[in-house]
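Listed below are the residues making up each chain.
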Amino acid sequence: MKFKKQIALAAAVTVISSAFLAGCDENKKQTTPAESQSPTASVKSASDMKWWQKTVVYEAYPNSFKDTDGDGYGDLKGLTSELDHLKELGVGAVWITPFFESPMKDNGYDVADYRKVNPRYGTDEDLDNLFSEANKRGIKLVLDLVTNHTSEECEWFKESRSGKDNDKSDYYIWADPAEDGSAPNNWRSIFGGSAWTYDETRKQYYLHTFGDFQPDLNWANPKVRQEIYDVANYWADKGAGGFRLDAIPYIKKPAEMKNGEPDQEDGTVSIHTMTVNTDGILDYLHEFKDKVSKGRDIFTVGEANGVPASELNKWVGDNGVFDMIFSFDHENVQFTGGEVWSATKDWKLTELKKTFTDSQNAIKDNGWYPMYLENHDQPRSINHFLPEGADPVLGGKALATLLMTMRGTPFMYEGEEIGMTNVDWDNIDDYNDISSKNQYQVALDKGLSREEAIKCVQKYSRDNARTPMQWNTSENAGFTTGTPWLKTNSNYKTVNVETEKSDPDSVLNFYMRLKSLRANNSVFIDGSYEEKLADSEEIFSYVRANSKDKVQVLINFTGSEVSYDTSEIDMDAAPLISNYSETEVGKLKPYEAVVVELKH
């Protein structure tokens, strides 16, 4: 068949040094295809879109990225030292998880001072240098704002807990004990245990969605909201290219905080159920948009666990509150309720595909999608979305294809570009993550054996994504010359940046090819999205189309060869990309991903 052609992987490995979308010819301005051509219409051509819609965002987890002073923790200088690596990947923005002053009980998501750099990561001068060096490479820095809660060591909370008659008394959510002296209601925190902690000084309970060391801010207080806006504007004035807002659906609490219907045998209900996306939350966030985002060339993305696809159009787009929000539907497809790691189900590919398609359809006319498969709170995608035992190199490339060809801005997590995988630690003491330890205990309390409980942790621990970045084959993967704060994944000798750069068949070099594909084909930026083969439990397929080009992406999520319909495929055209050296029309090899041209 004419379509069966060799794909020269090594020759296709290129590094584009110009701007990421230099390949999108300004003279080839795309027009919006008719709505009838696809249920997901392209709103603008690439030349008319904003910078953050045309680039790749890279999430850097400072603790684990690169250590330059040998203390075992990554630092800002380490991030600065690898900006060229990120530039080669086509990255135009780096989302940095919190580097603010913090006691680090939750790895920085317990902020003590929003305007100070945590000494663990360096100095104010180090941060200024990072801003400067990133700017030289055309890379924006996107900051992670934790605004649902602070650390208990924040000066705001210290003053608030000192008594009921001070300027910050109602900066947090306080409530009197129940008649028997117990917690005000039966809400359970996301990290486990009561969502309320008693304070001896105030003789009241304070609310915490997460750990008891993370008291929730009272967004109903306009002074609190203004404090948050002031912090955001402080960093925007320093040159931040945008903000990711952490745990944002929880900021609005119901007026009456009553008991909920128990979802556990202990009579508690998840605080997620009781507070997520409470009516009135969008009023707060529109205010944030007016006070912070309006008039600035930045983007905002909200962490929006619990916002259904049907409501996305209220959250993003011209009339929304953010430019993008992270949906968790695809990440939570295996959970049966409450995100309890020991309560999962076997999921079908059709369920996973539906989460993406529902989101795409919800914002097809107004809004934008942040495409991601990994972040600092999720297991590695190779282990999360592919069957156990899947080839990690083929599988890593297949998932890379999904990440880089879906409609939206790709958000790549550190290590994803080299196909990093979950750890296999069988001792709970090796884990640092507080939620992993809590989930392990939950599993034991449910009657699971220690072996069964640790398997749940191995699958879903946040530490899977937090192990040190693997740079080379030296001790500790080149991450540190000291003792790393978290053990290095044992596969670093083969899975690392240095080794993969010299291997034309590596996951890293496949990402380089995908970057070039996006840069030279605007259809992957401004093209519409239409799912194909929706009923298939083996293949995830969709069409991207604009007025000039039409391509189909096909990804085999199984370890078996599968077939697909070829009636619309241009048989005279070679595939644009495949993770095999040879591909054949109508068939997909195990974990094969291919992009083919269609008859327009």
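Values in this document were obtained by computation on a predicted structure and should not be read as measured data. (Residues numbered from 1 in each chain as written. Predicted model: local features only at pLDDT ≥ 70, side-chain atom pairs only at ≥ 80, totals over all residues. Heavy atoms only, no water.)

Visitor: So what about the sheet that holds strand 21 (residues 577-578)? Which residues, and what values?
Guide: Taken in spatial order, the 5 strands of this open sheet run 17-18-19-24-21, and their pairing is antiparallel. Of all the strands in the sheet, just strand 17 (528-532) and strand 21 have a single pairing partner and so form its edges. The pairing of strand 18 (residues 539-545) with strand 19 (residues 550-556) spans 7 bridges and is classified as antiparallel. Bridged to Ile539 within strand 19 is Asn556. (Pairing = 2+ DSSP bridges. Helix = DSSP H or I, 4+ residues; strand = E, 2+ residues; numbered from the N terminus.)

Visitor: Please give an account of the packing of helix 7 (residues 222-237) against helix 9 (residues 281-293) that cites residues and values.
Guide: Packing of helix 7 against helix 9 brings their axes to within 10 Å, and their N-to-C directions diverge by 40°. The angle between helix 7 and helix 9 places the two elements in the oblique class. Considering the relative orientation of helix 7 and helix 9, their crossing is right-handed. Contacts from Arg225, Gln226, Ile228, Tyr229, Ala232 and Asn233 of helix 7 reach helix 9 at Tyr284, Glu287, Phe288, Lys291 and Val292. Looking at the contact of helix 7 with helix 9 residue by residue, the class counts come to 6 nonpolar, 2 polar and 3 charged. (Axes fitted to C-alpha atoms, helices over the stretch in contact; angles between N-to-C directions. Parallel < 35°, antiparallel > 145°, perpendicular 65-115°, else oblique. Left-handed = near helix turned anticlockwise from the far one by under 90°. Contact = heavy atoms within 4.5 Å. Nonpolar A, V, L, I, M, F, W, Y, C, P; charged D, E, K, R; others polar.)

Visitor: Describe in detail the confidence of the model for the chain, supporting the description with residues and values.
Guide: On average, residues of the chain score 92 in pLDDT, and 92% of them are at 70 or above. In this model residues 5-39 is a low-confidence stretch, pLDDT under 50, and it forms 76 contacts with partners more than four residues away in sequence or in other chains. (pLDDT = per-residue confidence, 0-100.)

Visitor: For the packing of aromatic side chains, give the residues involved together with the corresponding values.
Guide: The relative placement of two aromatic rings is captured by the distance of their centres and the angle of their planes. Counted under the stated rule, the structure contains 35 aromatic pairs. When the centroid spacing of 5.1 Å and the interplanar angle of 70° are considered together, the rings of Phe157 and Tyr206 count as edge-to-face. Here the residue Phe157 occupies a position in helix 6 (residues 155-161), and Tyr206 occupies one in strand 10 (residues 204-207), the gap between them amounting to 49 residues. On the basis of relative accessibility, which here comes to 0%, the residue Phe157 falls in the buried class. With relative accessibility at 2%, the residue Tyr206 sits in the buried group. Ring centres of Phe191 and Phe210 lie 5.5 Å apart, and the angle between their planes is 65°; on these two criteria the pair is classed as edge-to-face. With a gap of 19 residues between them, Phe191 in the loop between strand 8 (187-188) and strand 9 (196-199) and Phe210 in the loop between strand 10 and helix 7 connect regions that are remote in the sequence. Comparing Phe191 with Phe210 shows no difference in burial state: the two are buried. In textbook terms, an aromatic cluster arises when at least three aromatic residues are bridged by ring pairs, as seen for Trp51, Trp52, Trp95, Phe299, Phe326, Phe328, Tyr372 and Phe411. Positioned above the aromatic ring of Tyr234, the side-chain terminus of Arg115 is 5.4 Å from the ring centre. Taking NZ or CZ as reference, Lys140 lies 5.4 Å from the ring centre of Trp51, over its face. (Phe/Tyr/Trp six-rings, centres within 6.5 Å; stacked < 30°, edge-to-face > 60°. Buried < 20%, exposed > 50% of the residue type's maximum accessible area, 1.4 Å probe, protein only. Lys NZ or Arg CZ within 6 Å of the ring centre and 35° of its normal.)

Visitor: Can you explain the pattern of salt bridges? Please cite residues and give values.
Guide: Throughout the structure, instances matching the rule amount to 32 salt bridges. With its nearest N and O atoms 3.0 Å apart, the salt bridge here joins Glu133 to Arg137. Between Arg244 and Glu303 there is a salt bridge whose closest N-O contact spans 3.2 Å. In this pair, Arg244 is assigned in strand 11 (residues 242-246) and Glu303 in strand 13 (residues 299-303), connecting sequence segments 59 residues apart. For the pair Arg244 and Glu303, a shared accessibility class is recorded, and that class is buried. (Salt bridge = Lys/Arg side-chain N within 4 Å of Asp/Glu carboxyl O.)

Visitor: Residue-level account of the nonpolar core, with values.
Guide: Grouped together as the largest cluster of nonpolar side chains are 112 residues, with contacts concentrated most on Leu86, Phe243, Trp315 and Phe557. Beyond its immediate chain neighbours, meaning those up to four positions away, Phe557 contacts Leu349, Leu352, Phe385, Leu386, Pro387, Leu399, Leu402, Glu538, Phe540 and Tyr591. Ranked by size, the runner-up nonpolar core spans 20 residues in total, among them Val423, Ile428, Tyr431 and Trp485. (Core = buried A, V, L, I, M, F, W, Y, C linked by side-chain atoms within 4.5 Å.)

Visitor: Would you mind going over helix 14 (residues 434-445) in detail, with residue names and values included?
Guide: Helical geometry note: an α-helix holds 3.6 residues per turn, so side chains three or four residues apart project in the same direction. Helix length check: helix 14 (12 residues) gives 17 Å between terminal C-alpha atoms against 16 Å at 1.5 Å per residue, within 8%. Every buried residue belonging to helix 14 is among Ser435, Ser436, Gln439, Tyr440, Ala443 and Leu444, and all of these are buried. Just beyond helix 14, the residue with positive phi is Gly447, at close to 100°. (Expected span 1.5 Å × (residues − 1).)

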